[in-house]
Amino acid sequence: MARLLGHFRRRTGRWSTPTGEAWQPALAIEAVVNSYERTHDVVYGDVIERSFRRYRGRRSHYHDDDGWYLNAWLRAYDVVGASAYLD
């Protein structure tokens, strides 16, 4: 997880991706959500919240990219319970 979080920019909530693909941050977010579910580590909770502020409402010309974010926010809702993830 430490290696994954090395791609996260806390100040901006932005994920840098090795290939620049738009869907990759969604997969990283979901991995952090899974880690938060297992550990309840506040660092992971903060990453989820900052990522949400950065990527909420993200839209793409590629519907499959949007689907990855939809999955990540639904998973965040399931684990964290904050209704904002459903908006």
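Refer to the preceding data block for the structure.
In this numbering scheme, every chain counts its residues from 1 along its sequence in written order. Selection of residues for local features in this predicted model requires a pLDDT of at least 70, selection of side-chain atom pairs for listing and counting requires 80 or more, and totals for whole chains, interfaces and linings are taken over all residues. Only hydrogens and water are removed before side-chain values are computed, so all heavy atoms of the structure are retained for them.

## Side note on the packing of helix α3 (residues 42-55) against helix α4 (residues 63-80)
Here's step 1: Viewed as axis vectors pointing N to C, α3 and α4 meet at an angle of 140°, and their least axial separation amounts to 12 Å. Every pair of crossing elements has a handedness; the one defined by α3 and α4 is left-handed. Judged by residue contacts, Ile 48, Ser 51, Phe 52 and Tyr 55 of α3 engage Tyr 69, Trp 73, Ala 76 and Val 80 from α4. Comment: axis = line fitted to C-alpha atoms, over the contacting stretch for helices; angle = value between 0 and 180 degrees taken between N-to-C directions. Strands are runs of DSSP state E lasting at least 2 residues, helices are runs of H or I lasting at least 4, and numbering of each runs from the N terminus. Crossings are sorted by hand: turned counterclockwise from the far helix by less than a right angle, the near helix makes the crossing left-handed, and turned clockwise it makes it right-handed. Whether two residues are in contact is decided by their heavy atoms, any of which lying within 4.5 Å being enough.

## Here's the deal with the packing of helix α2 (residues 24-39) against α3
Here's step 1: Look at α2 against α3: their axes get within 9 Å of each other, and the N-to-C directions meet at 150°. Here α3 runs roughly antiparallel to α2, going by the angle between their axes. In this structure, the crossing between α2 and α3 has a hand that is left-handed. Residues Pro 25, Ile 29, Val 32, Val 33, Ser 35, Tyr 36 and Thr 39 of α2 touch α3, and the partners they reach there are Tyr 44, Gly 45, Val 47, Ile 48, Ser 51 and Tyr 55.
Here's step 2: Side-chain classes are defined by residue name, with Ala, Val, Leu, Ile, Met, Phe, Trp, Tyr, Cys and Pro counting as nonpolar, Asp, Glu, Lys and Arg as charged, and the others, Gly among them, as polar. Of the residues in the contact of α2 with α3, the class split is 9 nonpolar, 4 polar and no charged. Any angle between 65 and 115 degrees counts as roughly perpendicular, while under 35 counts as roughly parallel, over 145 as roughly antiparallel, and the rest as oblique.

## Points about the pattern of salt bridges
Here's step 1: A side-chain nitrogen of Lys or Arg and a carboxyl oxygen of Asp or Glu constitute a salt bridge if their distance falls within 4 Å. Under the definition given, this model contains 5 salt bridges.
Here's step 2: The salt bridge partner of Asp 46 is Arg 10, with a shortest N-O separation of 3.2 Å. Residue Asp 46 is found in helix α3, and its partner Arg 10 is found in the loop between β1 (8-9) and β2 (14-15); the two are separated by 36 residues along the sequence.
Here's step 3: The partner of Glu 37 in a salt bridge is Arg 75, with the nearest N and O atoms 2.4 Å apart. One end of the pair, Glu 37, is in helix α2; the other, Arg 75, is in helix α4, with 38 residues separating them in the sequence.
Here's step 4: Linked by salt bridges that have partners in common, Arg 10, Asp 46 and Arg 50 make up one network.

## Description of the nonpolar core
Here's step 1: The criterion is simple. A nonpolar core is a set of buried Ala, Val, Leu, Ile, Met, Phe, Trp, Tyr and Cys residues joined through side-chain atoms within 4.5 Å. Three exposure classes are used, based on accessible area relative to the maximum for each residue type with a 1.4 Å probe and protein chains only: buried under 20%, partly exposed in between, and exposed over 50%. Core analysis: the biggest nonpolar cluster contains 20 residues, and Trp 15, Ile 29, Val 32, Ile 48 and Trp 73 have the highest contact counts within it.
Here's step 2: Residue contributions to this core peak at 6 residues, all from α2.
Here's step 3: Ignoring sequence-local partners within four residues, the contact set of Ile 48 consists of Val 32, Val 33, Tyr 36, Trp 73, Ala 76, Val 80 and Tyr 85.

## Structural notes on unusual backbone geometry
Here's step 1: Even without being a glycine, His 40 presents a positive backbone phi close to 55°.
Here's step 2: Tracing the sequence through the fold places His 40 in the loop between α2 and α3.

## Regarding the packing of aromatic side chains
Two aromatic rings, taken as a pair, are described by how far apart their centres are and by the angle between their planes.
Here's step 1: Any pair of Phe, Tyr and Trp rings, taking the six-membered ring for Trp, is counted once the centres come within 6.5 Å. Such a pair is stacked with planes under 30 degrees apart, edge-to-face with planes over 60 apart, and tilted for the rest. Evaluation of the coordinates by the stated rule reveals 6 aromatic pairs.
Here's step 2: When the centroid spacing of 4.9 Å and the interplanar angle of 50° are considered together, the rings of Phe 8 and Trp 15 count as tilted. Of the two residues examined, Phe 8 and Trp 15, each falls in the buried class.
Here's step 3: Centroid distance Phe 52 to Trp 73: 4.9 Å. Interplanar angle 80°. Geometry classified as edge-to-face. Highlighted residues: Phe 52 in helix α3 and Trp 73 in helix α4, separated in sequence by 21 residues.

These values are about where atoms sit, not about what they do.
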